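# Summary of structural features
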Amino acid sequence: ATAGAADTTKLKLGQPSASEESASPYPDMELCQQMHKLMVKAQGYNTDEFQKQVLTRICKELENPSLYESLERNLDVTTGIWSAADIAAQKKVNSKTVETLEAKVEEAKESAGDMEVMDARVALARFAAKSLTEEEALEAYKKLLDLPKISSGKKIDAMMESSRVASFYGDAKKASEFIDSAQKLATEGGGGDWDRRNRLKVYRGLQRFLERDIKGAAALLIDCIATFSCNEICSYKDFIVYAILSNLLYLPRPQLKAKVLDGPEILSVANDIPVVIKLVEALYDCDYNTYLHAMVEVEPILQADRYFEPHLAYWMRELHILAYKQFLESYQSVTLQAMANAFGVSEDFIDHHASRFIAAGRLSAKIDKYGGVILTNRPDLKNAQYRETIQKGDLLLNRIQKLARVVDL
């Protein structure tokens, strides 16, 4: 109980807000993570007990027979937690609930105002997000968004909830479309107060994660650390992990120290994510042996997370390249043996991986296999910028000359 209370405290760090508190608790994205862990047979979660816990929650809390059937089918199991008769009965109960909620919508249209109609539509959409299929939930939200008199702020809320429905069922494309529409409305439609814009930034950052736009995600997430208020989409601890690892790939070392290792918000949850902190500290301290060991330890964490797992090979490759680049920046040439000693691996290991990264253009170096040496080949940035300026200048002069001839005519 004490650990649970402490965890809840961690989740509420940031700036809780009115729109966060009024956000629908369904679909439950924590449950989505648990389902992902089951599907990928994540380390430590591939147990009958955990499977029963997740399926029981879908049965008892969500009362969602379609989701229950889908998960059992995907896991290729028949647990019997919910019998065929009970599933059929629950579907009938849900159909009656929909009829009742639709009747309330019609009643509000006839005898109440626009606000009451909207509230009735919200209730129906949120029930659908909890207990019905993805298609039925999105259709219910579409009817809410199609109401003639709904404020821009409420539309943004409905779009964010729709994006969560799509994301819950793994439809990244549709989730992106909803988030893009919400962002457009927030910036152009005047419906985005500070809180909604801030929450949208988190939604956009996480969606870019799934699209493998890690640099774009990093910039959005690092800005939201102090003002995080999206517990409905992910826990604060998970959010910090996303922010740390995305920025690890792009932040210069001084900023990595200031914004990540010494960041007060990150320090507040550091004890809960020791492996991730170990990875960052090892890179900052140039302790490459520890860094490679931390990479091995962090891999199961990435696999168990639905934002990381689709691009697991990419993440492991980029973390590897990051360390190689940083190590080679200190040398014009270094022996394979010296590099192998620094990383705590064999020469063959370094040769194999470094040659692949060099061939792919990811490392500016070449290997002298005969001499057992890696020679760095740093690009001359000043000359490259000079040549680029000359080329752009020539292009600009040509355009000015063409424009002058047109004006003369």
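### As for the overall build of the protein chain
- Across its full length, the protein chain holds 21 helices and three strands.
- Referenced to the eigenvectors of the C-alpha coordinate spread, the extents of the protein chain come out at roughly 80 × 75 × 40 Å.
- When the 409 residues of the protein chain are sorted by exposure, 45% land in the buried category.
- Sequence-distant contacts in the protein chain: of pairs separated by 6 or more residues, those separated by 24 or more amount to 63%.

### Examining the packing of aromatic side chains
- Under the counting rule described, the total for this entry stands at 18 aromatic pairs.
- An aromatic cluster is built from Phe209, Tyr242, Tyr307, Phe308, Tyr314 and Trp315, whose rings are joined through pairwise contacts.
- Lying over the aromatic face of Tyr307, Arg306 brings its terminal NZ or CZ to 4.5 Å of the ring centre.

### A short note on helix 10 (residues 172-188)
- Taking 1.5 Å of rise per residue, 17 residues should cover 24 Å, and helix 10 covers 24 Å from first to last C-alpha, within 8% of that figure.
- Those residues of helix 10 not exposed but buried are Ala175, Ser176, Phe178, Ile179, Ala182, Leu185 and Ala186.
- Each element contacted by the buried residues of helix 10 is listed here: helix 8 (134-145), helix 9 (152-168) and helix 11 (194-210).

### Looking at unusual backbone geometry
- In this model, Tyr26 is joined to Pro27 through a cis peptide bond whose omega is 0 degrees.
- With respect to the helices and strands, Pro27 occurs in the loop between helix 2 (18-21) and helix 3 (29-39).
- Even without glycine at this site, Asp76 takes up a positive phi of about 60 degrees.
- Its location among the elements puts Asp76 in the loop between helix 5 (65-75) and helix 6 (84-111).

### A few points about the sheet that holds strand 2 (residues 365-368)
- Taken in spatial order, the three strands of this open sheet run 1-3-2, and their pairing is antiparallel. Pairing within the sheet leaves two strands with one partner each, and these edge strands are strand 1 (333-335) and strand 2. Within the sheet, the average angular offset between the axes of one strand and its neighbour, ignoring direction, is 20 degrees.
- Pairing geometry for strand 1 and strand 3 (residues 373-376), over three bridges, is antiparallel.

### Brief notes about the pairing of strand 2
- Of the pairings in the sheet, the one linking strand 2 to strand 3 comprises four bridges and is antiparallel in character. The partner of Ala365 across the bridge, within strand 3, is Thr376.
- With antiparallel pairing between neighbouring strands as the criterion, strand 2 and strand 3 make up a hairpin whose turn holds four residues, including Gly372 at a positive phi of roughly 65 degrees.

### Considerations on the pattern of salt bridges
- Taken as a whole and assessed by the stated rule, the structure comprises 22 salt bridges.
- With its nearest N and O atoms 3.8 Å apart, the salt bridge here joins Glu63 to Lys130. Residue Glu63 is found in the loop between helix 4 (48-62) and helix 5, and its partner Lys130 is found in helix 7 (residues 114-131); the two are separated by 67 residues along the sequence.
- Overall, Glu63 belongs to the partly exposed group, its relative accessible area being 31%.
- A salt bridge links Glu318 to Arg362, with the nearest nitrogen and oxygen atoms 2.7 Å apart. Linking Glu318 in helix 18 (residues 312-328) with Arg362 in the loop between helix 20 (347-359) and strand 2, this pair joins segments that are 44 residues apart in sequence.
- Given the relative accessible area of 10%, Glu318 is considered buried.
- The class of Arg362 is partly exposed, set by a relative accessible area of 28%.
- What emerges from the salt-bridge pattern is a single network uniting Asp28, Arg57 and Glu61.

### Some thoughts on helix 12 (residues 214-223)
- Of all 10 residues in helix 12, seven are buried; the element is thus mostly enclosed.
- Among the residues making up helix 12, those that are buried are Ile214, Gly216, Ala217, Ala218, Leu220, Leu221 and Ile222.
- Of the surrounding elements, those touching the buried residues of helix 12 are helix 11, helix 13 (236-248), helix 14 (253-261) and helix 18.

Conventions and cut-offs
- Residues numbered from 1 in each chain as written.
- Predicted model: local features only at pLDDT ≥ 70, side-chain atom pairs only at ≥ 80, totals over all residues.
- Heavy atoms only, no water.
- Helix = DSSP H or I, 4+ residues; strand = E, 2+ residues; numbered from the N terminus.
- Buried < 20%, exposed > 50% of the residue type's maximum accessible area, 1.4 Å probe, protein only.
- Contact = heavy atoms within 4.5 Å.
- Phe/Tyr/Trp six-rings, centres within 6.5 Å; stacked < 30°, edge-to-face > 60°.
- Lys NZ or Arg CZ within 6 Å of the ring centre and 35° of its normal.
- Expected span 1.5 Å × (residues − 1).
- Pairing = 2+ DSSP bridges.
- Axes fitted to C-alpha atoms, helices over the stretch in contact; angles between N-to-C directions.
- Salt bridge = Lys/Arg side-chain N within 4 Å of Asp/Glu carboxyl O.

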